[in-house]
Amino acid sequence: MAVSALSGCSAAGSAERGPEAGLDDPAKKEIAMQLVSSAENSSLNWKAQYKYIEDIDDGRGYTAGIIGFCSGTGDMLKVVERYAAARPGNPLERFLPALRAVRGSDAHDGLGRPFTEAWAEAAVDPAFRSAQDTERDRSYFDPAVARAEADGLGALGQFIYYDAYVMHGYGDTDGTVGFRTIRREAIAAAAPPARGGDEAAYLNAFLDARVAAIRKEPSHSDTSRIETAQRVFVGEGRFGLETPLRWRVYGDGYRIDAR
């Protein structure tokens, strides 16, 4: 099993508690992107994923880009709409009617190989990368961080919320459990810090609820991104997402070392 190594941007050690940077700090955000990429793409090189696209047979159609935008859920459509607004006449724009038609299904009608090739080719365009970055932040990163801050969570808890947003979405859909329900179940089991609760106890309750949610989805049975990654960080007390970080996902080992 290969171990991937990358020097992290954070110089803070686990013993240096006190005022901590949140996940929107550039160094912490970079760590978050690497952590998500290890689970979504089995690589810490998240910037290589702008071109990624395939159907992973999870009922959501094509999964693509830096956090797995899906043709079936509609966030892929939002990315292409943003790209079209910034770069009218780009090669992906002609697929907008098909993307609107397949939303809510796993269909490939009007898409197929011409679409996947156009997606991969568009990844060299800074405007397309910016469209992905913007949709990631607007729909996932920013709301997750804001909700975690309101719950009194540090950078680790903010990342745990963000990863849940990425994988589950905010609301429940047919056959899935979303972030909103996961958080509600966690709060029923343990109070978050903003309500006087213990941070580790609350985060473990949230991760328990998330594992239960994953096990309800036939396409998402592996819980290693929780049990051998996020749960490890909670156990080590890395509430500021301090490096070094070492974890495993799908049996593969990764690390982000302190400089």
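Look a little higher up for the structure.
Presented here is a report on the structure given in the accompanying data block. (Residues numbered from 1 in each chain as written. Predicted model: local features only at pLDDT ≥ 70, side-chain atom pairs only at ≥ 80, totals over all residues. Heavy atoms only, no water.)

**Description of the overall build of the protein chain**
Rule in force here: Counting from the N terminus, the helices are DSSP H or I runs at least four residues long and the strands are E runs at least two residues long. In this description, contact between two residues means that some pair of their heavy atoms is separated by no more than 4.5 Å. Calculation of accessible area relied on Shrake-Rupley with a 1.4 Å probe; when residues are assessed, cover is drawn exclusively from the protein chains displayed.
The helix and strand inventory of the protein chain stands at nine helices and six strands. In the protein chain, 58% of the contacts between residues at least 6 apart in sequence involve partners at least 24 apart. Within the structure as shown, the protein chain displays about 11000 Å² of accessible surface, and the carbon and sulfur contribution to it stands at 48%.

**What to know about helix H8 (residues 199-215)**
Stated formally: To estimate how far a helix should reach, multiply one less than its number of residues by 1.5 Å. Relative accessibility under 20% of the residue-type maximum defines a buried residue, over 50% an exposed one, and the middle range a partly exposed one, all with a 1.4 Å probe and only protein chains included. Pairs of N or O atoms within 3.5 Å make up the polar contacts considered here, provided that, within protein, one atom can donate a hydrogen while the other can accept it, and that residues adjacent in sequence are counted only when both atoms are side-chain atoms.
With 17 residues, H8 extends 24 Å between its outermost C-alpha atoms, agreeing within 8% with the 24 Å of an ideal straight helix rising 1.5 Å per residue. For H8, every residue scored as buried is listed here: Glu199, Tyr202, Leu203, Ala205, Phe206, Leu207, Ala209, Arg210, Val211, Ala213 and Ile214. Of the surrounding elements, those touching the buried residues of H8 are helix H6 (155-168), helix H7 (179-189) and helix H9 (224-235). The N-terminus of H8 is capped by Asp198, whose side-chain oxygen sits 3.2 Å from the backbone nitrogen of Ala200.

**Digging into the packing of H6 against H8**
We apply this condition: Axis definition: a line fitted to C-alpha atoms, over the contacting stretch in the case of helices. Angles run 0 to 180 degrees between N-to-C directions. Roughly parallel covers angles under 35 degrees, roughly antiparallel covers those over 145, roughly perpendicular covers 65 to 115, and oblique covers all other angles. Should the near helix be turned anticlockwise from the far one by less than a right angle, the crossing is left-handed, and should it be turned clockwise, the crossing is right-handed.
Taken N-terminus to C-terminus, the directions of H6 and H8 make an angle of 15°; their axes are 11 Å apart at the nearest point. Taken together, H6 and H8 sit at an angle that is classed as roughly parallel. Of the two elements, H6 crosses H8, and the hand of that crossing is left-handed. In contact with Leu156, Gly157, Ile160, Tyr161, Asp163, Ala164, Met167 and His168 of H6, H8 contributes Tyr202, Leu203, Phe206, Leu207, Arg210, Ala213 and Ile214.

**Let's talk about the side chain of Asp75**
For clarity, the threshold we go by: Under this rule, positive means Lys or Arg and negative means Asp or Glu; His and the chain ends count for nothing. Any Lys or Arg side-chain nitrogen found within 4 Å of a carboxyl oxygen on Asp or Glu counts as a salt bridge.
Looking at where Asp75 falls in the secondary structure, it is placed in helix H2 (residues 75-86). Buried Asp75, no salt bridge; nearest opposite-charge side chain is Lys78, N-O distance 7.7 Å. With residues near it in sequence (within four places) discarded, Asp75 still touches Phe69, Cys70, Glu135 and Tyr140.

**Considering the pairing of strand E5 (residues 245-249)**
Where we set the bar: Strand pairing follows a simple DSSP-based rule, namely that at least 2 bridges must link the two strands.
Side chains Leu245, Trp247 and Val249 project from E5 onto a buried face, and the interleaved Arg246 and Arg248 project onto a face without burial. Alignment of E5 against strand E6 (residues 252-257), held across five bridges, turns out to be antiparallel. Of the residues in E6, the one forming a bridge with Val249 is Asp252. Hairpin connection of E5 to E6: two residues between the antiparallel strands, including Tyr250 at a positive phi of 55°.

**A word on the side chain of Asn41**
Mapped onto the fold, Asn41 is located in helix H1 (residues 26-41). Once residues within four sequence positions are removed from consideration, Asn41 is found in contact with Gln49 and Tyr52.

**Concerning the nonpolar core**
This is how the line gets drawn: Joining through side-chain atoms within 4.5 Å is the link that ties buried Ala, Val, Leu, Ile, Met, Phe, Trp, Tyr and Cys residues into a set, and such a set is a nonpolar core.
In terms of nonpolar packing, the biggest core is built from 78 residues, with Leu92, Phe115, Trp119, Tyr162 and Trp247 touching the most fellow members. Ranked by residues supplied to this core, first place goes to H6 with ten residues. Those residues in contact with Trp247, other than ones at most four positions away along the chain, are Leu35, Ser38, Leu44, Thr228, Ala229, Phe233, Asp252, Gly253, Tyr254, Arg255 and Ile256.

**As for the sheet that holds strand E3 (residues 62-64)**
Spatially, three strands are ordered E2-E3-E4 in an open sheet, and the strand pairing comes out antiparallel. Here the strands that pair on one side only, and so sit at the sheet edges, are strand E2 (53-55) and strand E4 (69-70). Where E2 meets E3, three bridges bridge the pair, whose relative direction is antiparallel. Note on E3: the bridge partner recorded for Glu54 is Thr63. Lying on the sheet, helix H4 (residues 112-122) is in contact with E2 and E3; it crosses E3 at an angle near 5°.

**Some remarks on the pattern of salt bridges**
Summed over the entire model, instances satisfying the criterion amount to 19 salt bridges. Among the salt bridges present, the one from Asp163 reaches Arg225, with a minimum N-O distance of 2.7 Å. Placement of Asp163 in helix H6 and of Arg225 in helix H9 is noted, with a sequence separation of 62 residues between them. The buried category is assigned to Arg225, whose relative accessible area is 4%. Here the residues in one salt-bridge network are Lys29, Asp133, Arg136 and Asp137, joined through shared partners.

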